[in-house]
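Examination of the molecular architecture
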Amino acid sequence: MPDPLAQRSIALGVTGSIACYKAVDLASKLTQAGALVDVIMTREACQFLTPLTFRSITHRPVVTDVFDPQSELSIDHVAIAERADALIVAPATAHTIAKLALGLADDALTTTALATQAPLIIAPAMDAHMFDNAATQQNASTLKSRGCVIAGPAEGRLASGLVGKGRLLEVPQLLGCLRQTLGRGGDLAGRKVVVSAGGTQEPIDPVRVIANHSSGKMGFAIAEAARDRGADVTLVTAPTALDSPFGVNVVKIATALEMRSALQNKCAHADALIMAAAVADWRPAAAADQKVKKGSSDTWDIELVKNPDIVAGISTECLIKVGFAAESEDLLANAQSKLLSKGLHLIAANDITAEHSGFGADTNKVILLDREGGEESLPLMSKYDVGHAILDRVAGYLS
Ligand code: C5P
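Calculation rules
Residues numbered from 1 in each chain as written. Predicted model: local features only at pLDDT ≥ 70, side-chain atom pairs only at ≥ 80, totals over all residues. Heavy atoms only, no water. Helix = DSSP H or I, 4+ residues; strand = E, 2+ residues; numbered from the N terminus. Contact = heavy atoms within 4.5 Å. Near = heavy atom within 4 Å. Polar contact = N/O pair within 3.5 Å; in protein donor to acceptor, adjacent residues only side chain to side chain. Areas by Shrake-Rupley, 256 points an atom, 1.4 Å probe, with all protein chains shown as cover. Nonpolar A, V, L, I, M, F, W, Y, C, P; charged D, E, K, R; others polar. Buried < 20%, exposed > 50% of the residue type's maximum accessible area, 1.4 Å probe, protein only. Pairing = 2+ DSSP bridges. Core = buried A, V, L, I, M, F, W, Y, C linked by side-chain atoms within 4.5 Å. Axes fitted to C-alpha atoms, helices over the stretch in contact; angles between N-to-C directions.

Moving on, we get to the side chain of Ser196. Here Ser196 shows up in strand 8 (residues 192-197). Here Ser196 is in contact with Gly219, Val236, Met259, Leu263, Ile274, Met275, Ala276 and Ala277, once residues within four sequence places are set aside.

Looking at the ligand, the residues that line it are Met275, Ala277, Val279, Asp281, Pro308, Asp309, Ile310, Val311, Gly323, Phe324, Lys338 and Lys342. Contact between the ligand and Pro308: a nitrogen atom at 2.9 Å from a main-chain N or O atom of the residue. A distance of 2.9 Å is found between an oxygen atom of the ligand and a backbone nitrogen or oxygen belonging to Phe324. In isolation the ligand offers 450 Å² of accessible surface; the protein chains occlude 86% of this area. When contributions to the shell around the ligand are tallied by element, the ones reaching two or more residues are helix 12 (310-313) and strand 16 (320-327). Per-class residue counts for the shell around the ligand are 7 nonpolar, 1 polar and 4 charged.

Right, let's get into the pairing of strand 3 (residues 86-92). Extensive coverage of strand 3 is indicated by the burial of 7 of its 7 residues. By the alternation rule, side chains of strand 3 split into Ala86, Ile88, Ala90 and Ala92 and Leu87, Val89 and Pro91, which are all buried. In terms of strand pairing, strand 1 (residues 9-14) meets strand 3 through 4 bridges, oriented parallel. Among the inter-strand pairings, Gly13 is bridged to a residue of strand 3, identified as Val89. Note: strand 3 against strand 4 (residues 120-124), 4 bridges, orientation parallel. Residue Val89 lies in a different strand from strand 4, and its bridge partner there is Ile122.

On to the side chain of Asp205. Position of Asp205 among the secondary structure elements: in the loop between strand 9 (202-203) and strand 10 (209-210). Separated by 2.8 Å, the side chain of Asp205 and the backbone nitrogen of Val207 make a polar contact. Engagement of the side chain of Asp205 in a polar contact is seen with the backbone nitrogen of Val292, the distance being 3.0 Å. If near-sequence neighbours (up to four positions away) are discounted, Asp205 is found in contact with Ala288, Gln290, Lys291, Val292 and Trp300.

The biggest cluster of nonpolar side chains holds 37 residues, and the ones touching the most others in it are Ile10, Leu12, Val14, Leu26, Leu30, Phe54 and Ile88. Residue assignment for this core shows that the elements contributing at least two residues are strand 1, helix 1 (20-32), strand 2 (36-41), strand 3, strand 4 and helix 9 (171-182). Every residue in contact with Leu30, bar those within four places of it in the chain, is listed here: Leu5, Ile10, Ala35, Val37, Leu175 and Leu178. Counting residues in hydrophobic clusters, the runner-up holds 35 residues, among them Ala226, Ala276, Met381 and Tyr384.

Moving on: the sheet that holds strand 12 (residues 249-252). Taken in spatial order, the 8 strands of this open sheet run 12-11-8-13-16-17-19-20, and their pairing is mixed. At either margin of the open sheet sits one strand with a lone partner, and together these are strand 12 and strand 20 (375-377). Strand-to-strand twist across the sheet, computed as the mean angle between neighbouring axes with direction ignored, equals 15°. Pairing geometry for strand 11 (residues 232-237) and strand 12, over 4 bridges, is parallel. When the bridges of strand 12 are listed, Thr234 appears paired with Asn249. Helix 11 (residues 256-267) contacts strand 8, strand 11, strand 12 and strand 13 (272-275) of the sheet and is inclined by roughly 170° relative to strand 8. Relative to strand 17 (residues 346-351), helix 13 (residues 331-341) is tilted by about 155°, and along the sheet it contacts strand 16, strand 17, strand 19 (366-370) and strand 20.

Here is the structure:
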């Protein structure tokens, strides 16, 4: 499945906040993803950046003024509004948010926002006190009630030096928001998909854990792919270095037992469970309360007990279950027996010794085995695309 942004027409409104430097990267990433990007800058944004900055990145004209004879808007003032698949205002200042809430159309951006029927995403960026102000809060909720997506702001250090809510979301989050918005009516719309990710950590004492090499990337990519097809996604994840994907409900756990109880809870009303987590098969029988000292002994025996098989133990009447078999030998035979013993609909078998498909890679090469006896060998692809290939099957079972 292609990137939801590919070939889409994205209008990017840039307003006068210092955070507009991030909009340059956003325009670049959108262009790299294959989107046609129309940047509309307000007069104040032009104080921070020049139109040339965006034109160099998007290779398209940048609009700053409806009456500029060079601009297509001077001939057809709603041209961008009509071709846009989405309009994202990033950064959106308090002033522009107020104008949008009022329905003013006094510049190219607000005119486009008023005229477009495409989804409108507003990513606020301002000082925390301006965001907290009742006027801004009310304007944002007015826009929300009209169906606009208010993306952020995040908390953190602001340009004023204040620490609070007002930071523009980071570019990956903004891209995630766009992909989710574009995918709203996808084939998983209205479906609840639960994904597990990461390697569980089993405590030995307050300092040490038994862990594994799982990076969590496969599960996170599946969660994003499901979000981009319209699903309501819950990601139950063991500790990873990855940022939470935009628009996904993230439940953070550490141990296999914690993962089991979170999944049991989340799967009660779910349509599908995709188990990408690397669950520890064993855990220490008892974690020590205090850090175990080195002492004089050269060895240390730790008694391990078996963890429950989570995916095998979860079954509601119509839950579609997908598992992974990460193997270093006898790939297909092992995957086949897991498919049966765990009661799965589908299993993605991957040879962890193969090039570019081991732990931590951004790509994966899997063979899909289904309970009807089908076998499909997929080429090496991004983990996001592997996610879509799995979700094609899930969508098929659900329909
Ligand atoms: O048995 P194995 O660990 O190889 O099985 C892999 C599949 O089973 C994965 O989908 C994994 O998330 C799931 N699993 C589980 N509970 C366990 C161990 C693995 O759900 N205790």
